[in-house]
Amino acid sequence: KGLRYKKQGLAMLKEIHEDKPHFDVASELSYLGKSYLFIGDLQQGLQYKKQSLAMFQAIHKDQPHFNVATALNGVGRAYQVLNDLSAALEYKKKALETLRILKEKRYNTYIANTLDDMGDIAYSLGEYVQSAQYKKQAAEMCGANTSEE
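Now for a description of the structure that goes with this document. Quick caveat: nothing in here was measured; it's all calculated off a predicted structure. (Residues numbered from 1 in each chain as written. Predicted model: local features only at pLDDT ≥ 70, side-chain atom pairs only at ≥ 80, totals over all residues. Heavy atoms only, no water.)

Below, the discussion takes up the overall build of the protein. Helix and strand counts for the protein come out as seven helices and zero strands. Secondary structure elements in the protein, listed N-terminal to C-terminal, are α-α-α-α-α-α-α. What you see for the protein is a C-alpha radius of gyration of 16 Å, in line with the 15 Å of a compact globule of 149 residues. Expressed as lengths along the three principal axes of its C-alpha atoms, the size of the protein is roughly 45 × 35 × 25 Å. Buried positions account for 40% of the 149 residues belonging to the protein. In the protein, the proportion of contacts linking residues at least 24 apart, taken out of those at least 6 apart, comes to 52%. A distance of 3 Å separates the average location of the 20 positive side-chain charges in the protein from that of its 18 negative side-chain charges. (Helix = DSSP H or I, 4+ residues; strand = E, 2+ residues; numbered from the N terminus. Rg over C-alpha atoms; globule rule 2.2 N^0.38 Å. Buried < 20%, exposed > 50% of the residue type's maximum accessible area, 1.4 Å probe, protein only. Contact = heavy atoms within 4.5 Å. Lys, Arg positive; Asp, Glu negative; His and termini not counted. Charge placed at Lys NZ, Arg CZ, Asp CG, Glu CD.)

So, about the packing of aromatic side chains. A complete count under the given rule lists seven aromatic pairs for this structure. Where F66 meets Y110, the ring centres are 4.7 Å apart and the plane angle is 65°; that geometry is what we call edge-to-face. Here F66, found in helix α4 (residues 66-81), pairs with Y110, found in helix α6 (residues 108-124); they are 44 residues apart in sequence, far enough to count as distant. By relative accessible area, which is 18% here, F66 ends up buried. Site record: aromatic cluster; members linked through ring pairs are F66, Y107 and Y110. For R4, the ring lying beneath its charged end belongs to Y5, and the centroid distance is 5.3 Å. Geometry around Y91 places K94 over its ring, the cationic atom sitting 5.0 Å from the centre. (Phe/Tyr/Trp six-rings, centres within 6.5 Å; stacked < 30°, edge-to-face > 60°. Lys NZ or Arg CZ within 6 Å of the ring centre and 35° of its normal.)

Turning to the side chain of E28, a few remarks are in order. Structurally, the position occupied by E28 is in helix α2 (residues 23-39). Judged by its relative accessible area of 14%, E28 is buried. Here E28 is in contact with K6, L10 and L13, once residues within four sequence places are set aside.

A word on the pattern of salt bridges. In this structure the tally under the stated criterion is eight salt bridges. Here K136 ties to E140 by a salt bridge, and the two come within 3.8 Å at their closest N and O atoms. Of this pair, K136 and E140 both sit in helix α7 (residues 128-146), separated by four residues, roughly a single helical turn. By relative accessible area, which is 46% here, E140 ends up partly exposed. (Salt bridge = Lys/Arg side-chain N within 4 Å of Asp/Glu carboxyl O.)

Taking 1.5 Å as the rise per residue, α4 with 16 residues should run 22 Å; its terminal C-alpha atoms sit 23 Å apart, in good agreement. Taking burial as the measure, the 16 residues of α4 include 13 buried ones, the bulk of the element. Downstream of α4 by one or two residues, N83 has phi in the positive range, about 65°. (Expected span 1.5 Å × (residues − 1).)

If you want it as structure tokens, here you go:
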């Protein structure tokens, strides 16, 4: 029932915004993707996550933005759940690159979490040295979050 209401809400948002890229529509697409992943409909979840990413990229005109980074992370997470670890790692790398371009200290936690996820994925791929490097960078970012500057 909840998914039906979310889909109705998405349809209304698309109508309100005349099918133009809008934050509310992109966010709803992401939430639907997360919901489908949660109930185990992994392909449907991935499709909604990809639609959300495409819309955030359109909204921000392919410029680096936090919303794009989180959408990239979301697609990476969907691939991780699908056990397509190479694709998951690629999307996580793109998210990390976007976050680093933004160069804002307030994103350090997100950078650390992304690096930590990348470490988990690399480990699952048998890339143990790379995994350790990602984990070390994540730990260093956590230290950067707590240090006084």
